[in-house]
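Coordinate inspection notes
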Amino acid sequence: MRLNHKSIAIDDKSTIGEARRAALQVAQALGFDEARRSDIGIACTEAATNVLLHATRGELLLCPFVAGEHFWLDIFALDEGPGIRDIGRAMEDGFSSIGTPGQGLGAIARLSDESSLYSSPDKGTVYWCRFKSAGSSSAAAVGLVNVPIKGESVCGDNYFLKINAVQSLYMMVDGLGHGAGAAEAADEAVAVVSQSVGEPTSEILTRVHNALKKTRGAAMSVAVVDHERRIVTYAGVGNISCNLLHGMTSRSLVSQNGTLGAVLPRVPQEYTYPIEPNTILQMFSDGLVSKASLSGYPGLQNRHPALAAGILYRDFNRRRDDATVLVAKIGGPLA
Ligand SMILES: [Mn+2]
């Protein structure tokens, strides 16, 4: 099942209702029960209201994720306003609204499974919350945003994650161009990768290349983290950016030139990188500018990686293409 992420511009009161209705639709498609959907509706209203209150305009993202029988819905409220001066006050119950039911960000924190906020006076505020399916135990330290270019409902980028205690796989793919044809190529790549977990990353590229010959082709990167040996093996073709961040250092992972489905490197290469505890894996498609970086955001690397994904999307989006960002904490003990 492909569940597309949605962006809703928040710029007046009527857009709050629009965002809430869209959130309820996604929540229903995911399979949340009625009580949970009601919580999600409240959270969405509050998050969007908060944007109007602090920044006059912004963007709400609805980002569903499904893995087997587990799923979650991430809601992001992004703005480029003056920042929230008194975060403590904003979190208080009763403080929020401009005449709406107004239960504040404190209410969202209580209703959702996880939530967090990053606000800076010069760059604005990102508020994030996650609603998880019943019984999903692990707090996956990953943030994902996968938003189609304006005017398309389907994203030509896609991703695949397989996270477990021994070995985790992170993959991102960008079908050439955008729209349905790009999505078809990206979805085919996801199908092949999901059947190839455990294979060498260079072999995965070759398999995807062969499967994509009937499509318009794609760029793709795949990184496999071995948590016990503390290494990442990586292979990529085309312009998905992939970096390992640790403290002040950032290391770019090497992708080869080519297009899967059309031009495969003569020898697909797999590279191995050591990782330190608390390393961050950052991947993004070329919907973002290639210099996208978390270096201008003090403390952000120590926060939930969803906040970083939301900020990279907000501040480095070229807005001329599908935009996909993945940020994951790796190299640390998994929650
Ligand atoms: Mn692209």
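Residues numbered from 1 in each chain as written. Predicted model: local features only at pLDDT ≥ 70, side-chain atom pairs only at ≥ 80, totals over all residues. Heavy atoms only, no water.

1. Quick look at the state of the cysteines
Scanning all chains against the criterion turns up 0 disulfides. With no disulfide partner, cysteine 63 has as its closest neighbouring cysteine sulfur the one in cysteine 155, 10 Å distant. Note on cysteine 63: relative accessible area 1%, which makes it buried. Free of any disulfide, cysteine 129 has its nearest cysteine sulfur in cysteine 44, 8.2 Å distant. Classification of cysteine 129 as buried rests on a relative accessible area of 1%. (Disulfide = S-S within 2.5 Å. Buried < 20%, exposed > 50% of the residue type's maximum accessible area, 1.4 Å probe, protein only.)

2. Notes on the UniProt feature "domain: PPM-type phosphatase" (unreviewed entry) in the protein
In the numbering used here, UniProt assigns the feature "domain: PPM-type phosphatase" (unreviewed entry) to residues 140-330. Helix makes up 20% of residues 140-330 and strand 34%, and the two end C-alpha atoms of the span are 10 Å apart. (UniProt positions renumbered as here; feature names shortened; annotations may be inferred. Helix = DSSP H or I, 4+ residues; strand = E, 2+ residues; numbered from the N terminus.)

3. Considerations on the nonpolar core
Membership of the largest hydrophobic core comes to 31 residues, with the highest contact counts inside it found for Ile10, Phe32, Ile40, Leu60, Leu62, Leu73 and Ile75. Ignoring sequence-local partners within four residues, the contact set of leucine 60 consists of Lys6, Ser7, Ile8, Ile10, Ala19, Cys44, Ala47, Ala48, Ile75, Phe76 and Ala77. (Core = buried A, V, L, I, M, F, W, Y, C linked by side-chain atoms within 4.5 Å. Contact = heavy atoms within 4.5 Å.)

4. Here we look at the environment of valine 254
Mapped onto the fold, valine 254 is located in the loop between strand S12 (249-252) and strand S13 (271-274). Residue classification places valine 254 among the partly exposed residues on the basis of a relative accessible area of 37%. Along the primary structure valine 254 and serine 221 are separated by 33 residues, whereas in three dimensions their C-alpha atoms are 9.6 Å apart. With residues up to four places along the chain from it excluded, the contact list for valine 254 reads Tyr234, Gly236, Tyr271 and Tyr273.

5. Here's the deal with the packing of aromatic side chains
Overall, the coordinates contain 3 aromatic pairs when judged by the stated rule. Seen in terms of ring centroids, phenylalanine 65 and tyrosine 159 are 6.3 Å apart; in terms of plane orientation they differ by 15°. Their pairing is stacked. With phenylalanine 65 in strand S2 (residues 58-67) and tyrosine 159 in strand S7 (residues 157-162), this residue pair connects regions lying 94 residues apart in the sequence. An aromatic cluster is defined as three or more aromatic residues linked by ring pairs; in this entry it consists of Phe65, Trp72 and Tyr159. For the cation-ring pair, lysine 123 lies above tyrosine 297, with the distance from its terminal atom to the ring centre recorded as 4.7 Å. (Phe/Tyr/Trp six-rings, centres within 6.5 Å; stacked < 30°, edge-to-face > 60°. Lys NZ or Arg CZ within 6 Å of the ring centre and 35° of its normal.)

6. A short note on the pattern of salt bridges
Counted by the stated rule, this structure contains 12 salt bridges. Aspartate 187 serves as the salt-bridge partner of arginine 2, at 2.8 Å between the closest nitrogen and oxygen. Of the two residues, arginine 2 is situated in the segment before strand S1 (6-10) and aspartate 187 in helix H5 (residues 180-194); the sequence distance between them amounts to 185 residues. A residue is classified by how much of its surface remains accessible, and arginine 2, at 26% relative accessible area, is partly exposed. Its relative accessible area of 28% is what places aspartate 187 among the partly exposed residues. Each of the salt bridges in this network shares a partner with another, and the network as a whole consists of Arg36, Asp39 and Asp113. (Salt bridge = Lys/Arg side-chain N within 4 Å of Asp/Glu carboxyl O.)

7. Things to note about the layout of surface pockets
Any empty space left between atoms is shown by rolling a water-sized probe over those atoms. Approximately 740 Å³ is the volume found for the second largest pocket. As for the second largest pocket, its lining consists of 34 residues, and the residues nearest its centre are Ser7, Ile8, Glu59, Val147 and Tyr313. Of all the elements in the fold, those that place two or more residues in the lining of the second largest pocket are S1, helix H1 (13-30), S2 and helix H7 (305-316). The residue inventory of the lining of the second largest pocket, partitioned by class, reads 14 nonpolar, 8 polar and 12 charged. Taken domain by domain, the makeup of the lining of the second largest pocket includes at least three residues from each of domain 1 (6-132) and domain 2 (142-330). (1 Å grid on protein atoms, 1.4 Å probe; cavity = no way out; pocket = protein on both sides within 12 Å on 5 of 7 lines; lining within 4 Å. Points joined across faces, edges and corners; volume = space filled by probe spheres on them. Nonpolar A, V, L, I, M, F, W, Y, C, P; charged D, E, K, R; others polar. Domains from an automatic or database assignment.)

8. Section: the sheet that holds S2
The antiparallel open sheet is built from 5 strands, whose spatial order is S1-S2-S3-S5-S4. What marks the edges here is a single partner per strand, and that holds for S1 and strand S4 (114-120). Direction aside, neighbouring strands of the sheet carry axes that sit 15° apart on average. Here S1 pairs with S2 via 5 bridges, running antiparallel. For isoleucine 10, the partnering residue across the bridge sits in S2 and is glycine 58. Here H1 sits on the sheet in contact with S1, S2 and strand S3 (70-78), set at roughly 165° to S1. Where H7 meets the sheet, it contacts S1, S2, S3, S4 and strand S5 (124-132), and its direction lies at approximately 130° from that of S5. (Pairing = 2+ DSSP bridges. Axes fitted to C-alpha atoms, helices over the stretch in contact; angles between N-to-C directions.)

9. A few points about the coordination of the manganese ion
Summarising the metal site, the manganese ion is bound by the protein donors Asp174 (OD), Asp286 (OD) and Asp321 (OD), whose distances to it range over 2.2 Å. You can call aspartate 321 buried: its relative accessible area is 13%. (Donors = N, O, S within 2.8 Å, 3.2 Å for Na, K, Ca; no water.)

10. A word on the pairing of S12
Summarising the sheet, strand S11 (residues 241-246) and S12 pair through 4 bridges and their orientation is antiparallel. Within S12, the residue paired with leucine 244 across the bridge is arginine 251. The turn joining S11 and S12, which pair antiparallel and follow one another in sequence, is formed by 2 residues; a positive phi near 60° is taken by glycine 247.

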